[in-house]
Amino acid sequence: MTIQTSGQVNDIAFSPDGKQVVSGSDDQSVCIWDALTGGLVKELKGHTDSVQSVAFSSDGKQVVSGSGDESVCIWDALTGDLVKELKGHIGWVWSVAFSPDGKQVVSGSDDQSVRIWDALTGDLVKELKGHTDWVWSVAFSPDGKQVVSGSNDHSVRIWDALTGDLVKELKGHTGLVQSVAFSPDGKQVVSGSHDQSVRIWDALTGDLVKELKGHTGSVLSVAFSPDGKQVVSGSHDQSVRIWDALTGDLVKELRGHTDRVRSVALSPDGKQVVSGSDDQSVRIWDALTEDLVKELKGHTDWVWSVAFSPDGKQVVSGSNDQSVCIWDALTGDLVKELKGHTSSVQSVAFSPDGKQVVSGSNDQSVCIWDALTGDLVKELKGHTSSVQSVAFSPDGKQVVSGSGDQSVCIWDALTGDLVKGLKGHTGWVWSVAFSPDGKQVVSGSHDQSVHIWDALTGDLVKELKGHTGWVRSVTFSPDGKHVVSGSNDQSVHIWDALTGDLVKELKGHKSSVQSVAFSPDGKQVVSGSGDQSVHIWDALTGDLVKELKGHTSSVRSVAFSPDGKEVMSGSSDQSVRIWDALTGDLVKGLKGHTSSVESVALSPDGKQVVSGSNDQSMHISDALAGDLIKELKERSLQGGSDKPLILKTIESASDVHLWSFNHYTGWISSQSGHLLLWLPEHMHSAVYTPNTRLIISSQPPTYVLFDYRYIGTSWVKIFLSNV
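Keep in mind that this is a model prediction, so the values were computed, not measured. (Residues numbered from 1 in each chain as written. Predicted model: local features only at pLDDT ≥ 70, side-chain atom pairs only at ≥ 80, totals over all residues. Heavy atoms only, no water.)

Draft legend 1. Spotlight on the overall build of the protein. On a plain count of helices and strands, the protein comes out with one helix and 68 strands. Within the protein, the fraction of its 723 residues that count as buried is 58%. (Helix = DSSP H or I, 4+ residues; strand = E, 2+ residues; numbered from the N terminus. Buried < 20%, exposed > 50% of the residue type's maximum accessible area, 1.4 Å probe, protein only.)

Now the structure itself:
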């Protein structure tokens, strides 16, 4: 059974009798489904941000949900009415659970707290404080007397649910704790961490009973078997492991997934294991023989969560493809598809304090986001074309943006008001940046020039000319004395910001330079190119220090880490890569985007990476572990990437032709569907890039000229003319 939703499904759970399924989604809704027919029973609306966690009460009469809107909601499962809205958290609520008697609810949040609520009155019973970072996972003990929590601060904590006192702090993990659970008898706790280990703890003494080692990637999910004799774990290393909870020995290693395993569970009789993976599959394994019993295929994206029905006859899975699937555990057949749940980001940057992210999009807007909660703080509107580049001022009080409308805009980051509109470029503005003191702005344009502006008055201070192709990227040196620019002419230029003189021309790339950045000490420059390479240069001598190879498509964005020890790159191959700046070795590859990564940036403390992609999302990832922390999605754009772009061609005033380009197949076709011209993949950018002349035929010479594009389903000026 596949339950189709209109947003990413973050959590799913069966009712105690197995007759219903509840799901929480990025579309802000909680849905209750009939597990047999697949019909939508109730849609519970009230949250104003994505729903991260859901659970039924033990009697099945109520549902609890936790959301990015910082609230916990209790719903009547029969009527769909909102019974209670529990407010108090000041961060995303990542995990919720009912106590075994259904009288209390526990929640864990980004605000570093665990809260216990009275499910009847909605009153806050206890606020459990002690964690020093986000709380990822919470659970009640089987008798309801204790709560266990796992946190970003590397600790597992056991709390007294009655007094709120900290009973035990379990220390030993050296990475964030992603998943925690009590054993069925409540005597032990299991935890899974990004330090690649699974740990079993004595819940009474807090002693470490066993450390289960063997995973070679972050442990994302853990669970006890129904008899408490085994532990199952799922990991970033693509494996599922079954461990003997008494000896700590590895009993079985289940391999077959081709991407990280997000969720694991054991069937009620303990004979089978179910796992969900980013490889888009759900797998059922024989826990005794380790044979693959069934591979449940149907999802078209990552599988985030899986669980057995109470009777073990069905499996439910939630996926990034916006669907919930219910499967027959015996045959592997898809039982039901339930339907009912409801442009590309070109540039991203962190604020200086790391608390906000700014993004520029093809939808012509600039958005400021809360980096902790993922909430949209401000939407800055005023540009009349695609926003190609954005940056915060050094004090975080202003934002600068460059657009295809040929303008540079300076905005008040607090109010969202337009402070200055800088005009003078005669082509698209591809890149903008503030000087270190915030007094100047630099911009690079399609008109082949670099402009330095006075940020207070808006006056043009210097026009730097010398490039013979579009200027794709610009930035100031840390001391503000130099500007570096990268161009379609395959060169990197270093300029004197005071005199405007060309200091150095760095040559070596074999294609356009898409992005440039200075190291924090100003001694090196990094550049990313259409030739799929990243170059590190000596800013003083102009010598090539390192060539970093590994990307399989154009490198769209590069940046140094705050300490200058690492370089980050984003590519059209959909990946973000972190490199060692000294050795040139690949440190980490971050995957998850489904389209070209247009922009990358590191938080000021170097702990997080933000990336913006043509898949219309921004990802905030852990720079050390490589795991995805937040996915920030902007509203859908007109004319999504799954629809062909319409090319409007004009031969004469009375002769208008409509053509379409399908970037998946590479064909330009007529309105009637006849295939006219096929473009190889490396030429697709010619269609998507403004001011590009595409030769259709040579006898007589006929061109399609893309003057500039209109974001949506059509292009504004595209002329077909014989010359």
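From this point, the narrative continues.
Draft legend 2. Region of interest: the sheet that holds strand β14 (residues 135-140). Spatially, the four strands line up as an open sheet ordered β14-β15-β16-β17, and their pairing is antiparallel. Among the strands making up the open sheet, the edge pair consists of β14 and β17 (166-170). In this sheet, adjacent strand axes meet at a mean angle of 15 degrees when their direction is disregarded. Pairing between strand β15 (residues 146-151) and strand β16 (residues 156-160): five bridges, direction antiparallel. Note that in β16 the partner of valine 148 across the bridge is isoleucine 158. (Pairing = 2+ DSSP bridges. Axes fitted to C-alpha atoms, helices over the stretch in contact; angles between N-to-C directions.)

Draft legend 3. Local environment of the packing of aromatic side chains. Here the structure, examined in full by the defined rule, presents six aromatic pairs. For the ring pair tryptophan 134 and tryptophan 136, a centre distance of 5.6 Å and an interplane angle of 55 degrees mean the geometry is tilted. As far as burial versus exposure is concerned, tryptophan 134 and tryptophan 136 are alike and both buried. An angle of 15 degrees between the planes, with centres 5.7 Å apart, marks the rings of tryptophan 430 and tryptophan 470 as stacked. Residue tryptophan 430 is found in strand β42 (residues 429-434), and its partner tryptophan 470 is found in the loop between β45 (460-465) and β46 (471-476); the two are separated by 40 residues along the sequence. Relative accessible area serves as the criterion here: at 9%, tryptophan 430 is assigned to the buried category. Residue classification places tryptophan 470 among the buried positions, given a relative accessible area of 13%. (Phe/Tyr/Trp six-rings, centres within 6.5 Å; stacked < 30°, edge-to-face > 60°.)

Draft legend 4. Region of interest: the environment of glycine 360. Here glycine 360 lies in strand β35 (residues 356-361). The class for glycine 360 is buried, based on a relative accessible area of 0%. When the C-alpha atoms of glycine 360 and valine 390 are compared, they prove to be 5.9 Å apart, with 30 residues separating the residues in sequence.

Draft legend 5. Geometry of empty space enclosed by the protein. Estimates place the volume of the largest cavity at around 90 Å³. Residue lining of the largest cavity: 13 residues in total, with Leu590, Lys591, Gly592, His619 and Ser621 positioned closest to the centre. In terms of residue class, the lining of the largest cavity is made up of three nonpolar, seven polar and three charged. (1 Å grid on protein atoms, 1.4 Å probe; cavity = no way out; pocket = protein on both sides within 12 Å on 5 of 7 lines; lining within 4 Å. Points joined across faces, edges and corners; volume = space filled by probe spheres on them. Nonpolar A, V, L, I, M, F, W, Y, C, P; charged D, E, K, R; others polar.)

Draft legend 6. Structural view of the pairing of strand β55 (residues 566-571). By the criterion of burial, β55 is predominantly enclosed, with five of the six residues buried. Relative to β55, strand β54 (residues 555-560) runs antiparallel, the two being bridged by five bridges. Bridge pairing in β55 links phenylalanine 560 to valine 567. As judged from the five bridges shared by β55 and strand β56 (residues 576-580), these two strands associate in the antiparallel manner. Paired with serine 569 across the two strands is arginine 577, which belongs to β56.

Draft legend 7. Up close: the side chain of glutamine 388. Structurally, glutamine 388 is set in strand β38 (residues 387-392). Accessibility expressed as a relative area gives 8% for glutamine 388, which makes it buried. In terms of polar contacts, glutamine 388 uses its side chain to reach the side chain of serine 386, at 2.7 Å. (Polar contact = N/O pair within 3.5 Å; in protein donor to acceptor, adjacent residues only side chain to side chain.)

Draft legend 8. Inspection of the side chain of histidine 194 at higher detail. Within the element layout of this structure, histidine 194 appears in the loop between β19 (188-193) and β20 (198-202). Residue classification places histidine 194 among the buried positions, given a relative accessible area of 12%. In terms of polar contacts, histidine 194 uses its side chain to reach the side chain of glutamine 178, at 2.9 Å. Filtering out sequence-adjacent residues up to four positions away, histidine 194 remains in contact with Gly175, Leu176, Gln178, Ser218, Val219, Leu220, Ala625 and Asp627. (Contact = heavy atoms within 4.5 Å.)

Draft legend 9. Focus on the sheet that holds strand β9 (residues 82-87). Spatial ordering of the open sheet is given by β6-β7-β8-β9, a layout of four strands whose pairing is antiparallel. Edge positions in the open sheet fall to β6 (51-56) and β9, since each of these has one partner strand only. Across the sheet, the axes of successive neighbouring strands diverge by a mean angle of 15 degrees, strand direction being ignored. Bridging between strand β7 (residues 62-67) and strand β8 (residues 71-76) involves five bridges; their strand directions are antiparallel. Pairing of glutamine 62 across the sheet is with aspartate 76, part of β8.

Draft legend 10. Looking closely at the nonpolar core. Counting residues in hydrophobic clusters, the biggest one holds 12 residues: Ala349, Val358, Val366, Ile368, Leu380, Val387, Val390, Phe392, Val399, Cys409, Trp411 and Ala413. Of all the secondary structure elements, the ones that give two or more residues to this core are β36 (366-370), β38 and β40 (407-412). For this core, the element with the highest residue contribution is β38, accounting for three residues. (Core = buried A, V, L, I, M, F, W, Y, C linked by side-chain atoms within 4.5 Å.)

Draft legend 11. Spotlight on the pattern of salt bridges. For the structure on display, the rule yields 14 salt bridges. Close ionic contact of lysine 129 with glutamate 127 constitutes a salt bridge, the shortest N to O distance being 3.7 Å. For lysine 129, a relative accessible area of 62% puts it in the exposed group. Relative accessible area serves as the criterion here: at 32%, glutamate 127 is assigned to the partly exposed category. Of the charged contacts, one joins glutamate 169 and lysine 171 as a salt bridge, the two residues approaching to 3.7 Å between their closest N and O atoms. On the accessibility criterion, lysine 171 (62% relative accessible area) is exposed. (Salt bridge = Lys/Arg side-chain N within 4 Å of Asp/Glu carboxyl O.)

The values are spatial; any link to function lies outside them.
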